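If you want the building blocks of each chain, they are given just below.
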Amino acid sequence: CPVTDLQRFQATLDRLWTAVRWENKNKETLWRLVVDGIPMPGNTHLSRVPIKPCGCGSYGADTDQPCSPRLHHFWECPIAKAVREQIDRHLPLPTSATIEGGLTRQQLWLVQAPPGCEQAPWDVIALAALSSMEYGRHCLRAATREHRPQWPSTHRRRQQQQTHTAEQGPRQRAITDFFNRSGGFPPEEEEDANTHPIISTTQPAMDTPTQTATSPLDRAQARTVADFWARLHSFAALGIPHYGWDQVGPQHPILAIVGTQMRCADPVDITNHGAARTEQGL
């Protein structure tokens, strides 16, 4: 029943804004997605504005893509799929859940916990996923611009290294290393994005092999994945919440409660364990 679904989602929004003790910047994307308030040409409030092509090359411009901007950027785009893939590889979702064998759009957009994941951690995972997809949209747009400004001076790069760090440890260092290999964040991407990953970064030189060997889409995907995990690690660093986490134990695949600490899983494509999981098709 549509009325029941609406009432259920209103209760979900109430829970997210009252029970999830996290910065509102991690919740804003969900709210804007609900009211179609993300300023993307082609949305209902910008329906007369021509749709801008996505840097992935499969939406807008000369492509015949009938889906809405919301559906593309928060589900169909390779940027969104990179985040979804991270979730799919961690959660023990049944292969019959969808045609693709993973997370459904209803579970993500309506914050409905999938099988194998308690609701409390899923609230955080879904918020982080949507926020990172929006962040990645800005990254891809900036990466595909024709004219890019020069890298900042060496002195400024050293200053940029003194950024906030969520949780120092093997897992956080794995994210940071992966982020650095992806090329860091040029200044214009920091200006475009409305949120930033909370990890320390080092800006490489423009002529490094990492910069020249990967496409703008590859770099944007890597940065989006790093941002997703950085958000989860920043939440885990806040400690165990007082509400809704009683049933979450050490076996949770992404946000586990181990003793008196919350631990966040590793990105699957960064650590050796993740590489092994990828080879096994998990």
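Criteria and cut-off values
Residues numbered from 1 in each chain as written. Predicted model: local features only at pLDDT ≥ 70, side-chain atom pairs only at ≥ 80, totals over all residues. Heavy atoms only, no water. Helix = DSSP H or I, 4+ residues; strand = E, 2+ residues; numbered from the N terminus. Buried < 20%, exposed > 50% of the residue type's maximum accessible area, 1.4 Å probe, protein only. Contact = heavy atoms within 4.5 Å. Patch = residues over 30% accessible without salt bridge, like charges linked within 9 Å, V, L, I, M, F, W, Y side chains within 5 Å. Areas by Shrake-Rupley, 256 points an atom, 1.4 Å probe, with all protein chains shown as cover. Salt bridge = Lys/Arg side-chain N within 4 Å of Asp/Glu carboxyl O. pLDDT = per-residue confidence, 0-100. Axes fitted to C-alpha atoms, helices over the stretch in contact; angles between N-to-C directions. Parallel < 35°, antiparallel > 145°, perpendicular 65-115°, else oblique. Left-handed = near helix turned anticlockwise from the far one by under 90°. Nonpolar A, V, L, I, M, F, W, Y, C, P; charged D, E, K, R; others polar. Phe/Tyr/Trp six-rings, centres within 6.5 Å; stacked < 30°, edge-to-face > 60°. Pairing = 2+ DSSP bridges. Core = buried A, V, L, I, M, F, W, Y, C linked by side-chain atoms within 4.5 Å.

Chemist: What's the story with the overall build of the protein chain in this structure? I'm lost.
Modeler: Helix and strand counts for the protein chain come out as 12 helices and 2 strands. N-terminal to C-terminal, the α/β element order of the protein chain is α-α-α-α-α-α-α-α-α-α-α-β-β-α. The buried share among the 282 residues of the protein chain stands at 48%. For the protein chain, the proportion of contacts with a sequence separation of at least 24, taken over those separated by at least 6, is 65%.

Chemist: What should I look at first to understand a nonpolar patch on the surface in this one?
Modeler: Among the surface-exposed residues, Trp17, Trp31, Val34 and Val35 lie close enough to one another that they form a single nonpolar patch of about 360 Å² accessible area. Within the secondary structure, Val34 sits in helix 2 (residues 28-34).

Chemist: Hey, could you run me through the confidence of the model for the protein chain in this one?
Modeler: Atom-level detail of predicted coordinates should not be read off regions where pLDDT is low. In this model, the protein chain carries an average pLDDT of 74, and 62% of its residues clear a pLDDT of 70 or more. The low-confidence segment residues 146-151 (pLDDT under 50) makes 13 contacts with residues lying over four places distant or belonging to another chain. Confidence over residues 270-282 falls short of pLDDT 50; this stretch has 15 contacts with residues more than four positions distant or in other chains.

Chemist: Teacher, can you tell me more about the packing of helix 6 (residues 119-143) against helix 11 (residues 216-236) here?
Modeler: Packed helices, taken two at a time, are described by the angle their axes make and the gap between the axes. In the contact formed by helix 6 and helix 11, the axes pass within 8 Å of each other and the chain directions differ by 150°. Taken together, the axes of helix 6 and helix 11 are roughly antiparallel relative to one another. Here helix 6 and helix 11 pass one another in a crossing that is right-handed. Between helix 6, through Val124, Ile125, Ala128, Ala129, Ser131, Ser132, Met133, Tyr135, Gly136, Cys139, Leu140 and Ala143, and helix 11, the contact on the second element is made entirely by Pro216, Leu217, Arg219, Ala220, Arg223, Thr224, Asp227, Phe228, Arg231, Leu232 and Phe235. By residue class, the composition of the contact of helix 6 with helix 11 is 15 nonpolar, 4 polar and 4 charged.

Chemist: What's the story with the packing of aromatic side chains in this structure? I'm lost.
Modeler: All chains considered together, the criterion is met by 3 aromatic pairs. Ring geometry for Trp22 versus Phe235: centroids 5.2 Å apart, planes at 70°, classification edge-to-face. Of this pair, Trp22 sits in the loop between helix 1 (2-18) and helix 2 while Phe235 sits in helix 11, and the two are 213 residues apart along the sequence. With a relative accessible area of 7%, Trp22 lands in the buried category. Here a set of aromatic residues connected by ring pairs shows up, and it is made of Trp22, Phe235 and Trp245.

Chemist: I tried to follow the pattern of salt bridges on my own but got confused; where do I start?
Modeler: When the charged atoms of two side chains lie near each other, side chains of opposite charge can form a pair. Across all of its chains, the model carries 6 salt bridges by this definition. With a shortest N-O distance of 2.9 Å, Asp123 and Arg15 are connected by a salt bridge. Placement of the pair is Asp123 in helix 6 and Arg15 in helix 1, with a sequence separation of 108 residues. Here Asp36 ties to Arg70 by a salt bridge, and the two come within 3.4 Å at their closest N and O atoms. Note that Asp36 is positioned in the loop between helix 2 and helix 3 (69-76) and Arg70 in helix 3, a separation of 34 residues in sequence.

Chemist: Whenever I open this one, the pairing of strand 1 (residues 255-258) confuses me. Can you help?
Modeler: In the case of a regular strand, side chains alternate between the two sheet surfaces. Bridge count for strand 1 against strand 2 (residues 261-264) is 4 bridges, and the pairing is antiparallel. Across the sheet, the residue bridging to Ala256 is Arg263, located in strand 2. Taken together, strand 1 and the strand that follows it, strand 2, pair antiparallel across an intervening segment of 2 residues, in which Gly259 is found at a positive phi of about 65°.

Chemist: Quick question: what am I supposed to make of the nonpolar core here?
Modeler: Where a protein is soluble and globular, its nonpolar side chains tend to be buried together. In terms of nonpolar packing, the biggest core is built from 45 residues, with Leu108, Trp122, Ile125, Phe228, Leu232, Trp245 and Leu255 touching the most fellow members. Among the elements that take part in this core, helix 6 stands out by supplying 10 residues, more than any other. Here Leu232 is in contact with Val124, Ile125, Ala128, Ile254, Leu255 and Cys264, once residues within four sequence places are set aside. If you look at the next biggest cluster of nonpolar residues, it comprises 11 residues, including Tyr59, Ile79, Leu140 and Leu217.

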